[in-house]
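Observations on chain architecture
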Amino acid sequence: MTNKEILASAEAGKYAVGAFNIHNLESLQAAATAAQEENSPVIVAVTPSAIKYAGLGYLAEVAKTAAQSSSLSMSLHLDHGKDIDTIVKCVDAGFTSVMIDGSHLSFEENIALTKEVVDLAHPRKAAVEAELGRLAGFEEIAVERREAALTDPQAAREFVRRTSVDALAVAIGTSHGAYKFKGEPKLDYKRLTEIKEKVSVPLVLHGASGVPAWIVRKATKYGAELAGAKGMPDESIKQAIRLGVTKINIDTDLRLAFAATVREVLTSTPTEFDPRKILGPAREAMKEVVRGKMRLFDSSGRA
Ligand code: G3H
Ligand code: 13P
Ligand code: ZN
């Protein structure tokens, strides 16, 4: 399926669908198996650096195998695509959705690049996501520059009208990674409400990992150094969904679950060296994280 179809159902049902970043067989299986067990739609997301790591053909084929082997409502999505060449290669490889991230460009340059991708992807039945605003935590932006960094609702309306993009990633105070907030988590819900009023396409929340304390504790117990790690509280996610976000991107929480479990297995069974005995429990831990997100986003039972 394309994200356009998946997100149209989410808009109608007032829930959100998780986009889970994958980069190998185990992370793909974690997302796909969780979707089957939860009977949830799922967006499998692949970044250019995941492509660099694993190879586009390998990732596309394992994802297609998952999609064919079940009645999953699944899309294969390029996350943070930066150039036309990557977009073309992904659409050729069977991706049903692509993100073009022109958030670092000027407004006009972002529009021009996004429009080029839309003109290329739509005739080939692929949906397009774009990003407007800069994804950075509140503390990272000086107060006087905040307005310029976060998504402007009026600009968002113009951007969507001029590009015909299918979904828009917005900057309302979230950031990528495990260190999202130095103080209390803070998101600009007023801005999100205004964007939702002005924009008719589905809204996307990047940088939405929760960085659960229990996973951080487990990783730390087995040697990880993660002082100051902090993510999005579940309540903030629920509020973002209530205000109209329908696609939620998760990468960091899967990485943390993977790393904590690999550390645990290697530390507690020093004689073990079979990759399947090391990666199997890590795959299971990632799957449980995905299942938890599907319940939090209320996409369980919606496939
Ligand atoms: O925004 C997506 C990721 O969290 C960053 O992923 O390290 O695969 O580029 P990457
Ligand atoms: P996290 O780093 O919060 O998991 O965000 C992932 C993301 O936005 C991928 O596009
Ligand atoms: Zn992102």
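Please refer to the structure higher up on the page.
These figures come from a predicted structure and were not determined experimentally.

Things to note about the nonpolar core
Membership of the largest hydrophobic core comes to 82 residues, with the highest contact counts inside it found for Phe-20, Phe-95, Val-98, Leu-168, Ile-248 and Phe-297. When near neighbours in sequence (up to four residues on either side) are disregarded, Ile-248 contacts Ala-16, Val-17, Gly-18, Ala-19, Leu-205, Ala-208, Ile-237, Ile-241 and Phe-297. By size, the runner-up hydrophobic cluster in this structure holds twelve residues, among which are Val-17, Ala-45, Met-99 and Ala-167.

Points about the coordination of the zinc ion (ligand 3)
Within the first shell, the zinc ion (ligand 3) binds the protein through His-80 (NE2), His-176 (NE2) and His-206 (ND1), at distances of 2.0 to 2.1 Å. Given a relative accessible area of 13%, His-80 falls into the buried group.

Re the site of ligand 2
Neighbouring ligand 2 are 14 residues; Asp-79, Lys-180, Ser-209, Asp-251 and Thr-252 lie closest to it. Protein contacts shield 96% of the accessible area of ligand 2, which totals 310 Å² for the unbound molecule. Looking at the shell around ligand 2, the elements that each hand over two or more residues are β3 (74-81) and β8 (245-250). Residue classes in the shell around ligand 2 are distributed as two nonpolar, nine polar and three charged.

Considering the sheet that holds β3
The strand order around the closed barrel formed by eight strands is β1-β2-β3-β4-β5-β6-β7-β8, and the pairing between neighbours is parallel. Averaged over neighbouring strand pairs, the angle between their axes works out to 25° when direction is ignored. Alignment of strand β4 (residues 97-100) against strand β5 (residues 127-132), held across four bridges, turns out to be parallel. Bridge pairing in β5 places Val-98 opposite Val-128. On the sheet, helix α5 (residues 84-92) packs against β3 and β4 and is oriented at approximately 170° with respect to β4. The sheet contacts of helix α6 (residues 107-121) involve β4 and β5, and relative to β5 the element is tilted by about 175°.

Calculation notes
Residues numbered from 1 in each chain as written. Chains lettered and ligands numbered in written order. Predicted model: local features only at pLDDT ≥ 70, side-chain atom pairs only at ≥ 80, totals over all residues. Heavy atoms only, no water. Core = buried A, V, L, I, M, F, W, Y, C linked by side-chain atoms within 4.5 Å. Buried < 20%, exposed > 50% of the residue type's maximum accessible area, 1.4 Å probe, protein only. Contact = heavy atoms within 4.5 Å. Donors = N, O, S within 2.8 Å, 3.2 Å for Na, K, Ca; no water. Near = heavy atom within 4 Å. Areas by Shrake-Rupley, 256 points an atom, 1.4 Å probe, with all protein chains shown as cover. Helix = DSSP H or I, 4+ residues; strand = E, 2+ residues; numbered from the N terminus. Nonpolar A, V, L, I, M, F, W, Y, C, P; charged D, E, K, R; others polar. Pairing = 2+ DSSP bridges. Axes fitted to C-alpha atoms, helices over the stretch in contact; angles between N-to-C directions.

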